[in-house]
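# Structure at a glance
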Amino acid sequence: MRRFTIEPQQLRLWLAIVLVICGMTLFFMGFWVSPLGEIHSSVLIAYGEVMTFVGALIGIDYAARERQGGL
């Protein structure tokens, strides 16, 4: 039986995609809870933290590849 493996770069990319989708879902769900049409500041803070984490995942990978010259 063949073992399923995934490269760390690919894993980071998929994790970033999933986190962006979760962050966008959280952001838009803020429109549908009361009060309608107003996004609470805690939702905005959580969204910002998710996007910062995703940026760090992608940014660290990009910086490491730049140093190695393999972009």
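Quick note: structure is the one above.
Report follows, based on the coordinates. (Residues numbered from 1 in each chain as written. Predicted model: local features only at pLDDT ≥ 70, side-chain atom pairs only at ≥ 80, totals over all residues. Heavy atoms only, no water.)

### Observations concerning the overall build of the chain
Broken down by element type, the chain carries 2 helices and 0 strands. Every one of the 71 residues in the chain was classed for burial, and the buried ones make up 13%. Long-range contacts, defined here as pairs at least 24 residues apart, represent 55% of the contacts in the chain between residues at least 6 apart. Surface accessibility of the chain: about 5900 Å² in total, with carbon and sulfur atoms responsible for 68%. (Helix = DSSP H or I, 4+ residues; strand = E, 2+ residues; numbered from the N terminus. Buried < 20%, exposed > 50% of the residue type's maximum accessible area, 1.4 Å probe, protein only. Contact = heavy atoms within 4.5 Å. Areas by Shrake-Rupley, 256 points an atom, 1.4 Å probe, with all protein chains shown as cover.)

### What about a nonpolar patch on the surface?
Together, Phe-4, Ile-6, Leu-11, Leu-13, Trp-14, Ile-17 and Ile-21 make up a nonpolar patch on the protein surface, roughly 750 Å² of accessible area in all. As for its placement among the helices and strands, Leu-13 is situated in helix H1 (residues 8-29). (Patch = residues over 30% accessible without salt bridge, like charges linked within 9 Å, V, L, I, M, F, W, Y side chains within 5 Å. Salt bridge = Lys/Arg side-chain N within 4 Å of Asp/Glu carboxyl O.)

### Side note on the environment of Leu-26
By the element assignment, Leu-26 lies in helix H1. In sequence terms Leu-26 and Tyr-47 are 21 residues apart; their C-alpha atoms lie 7.0 Å from each other. Those residues in contact with Leu-26 that lie beyond four places of it in its chain are Val-43, Ala-46 and Tyr-47.

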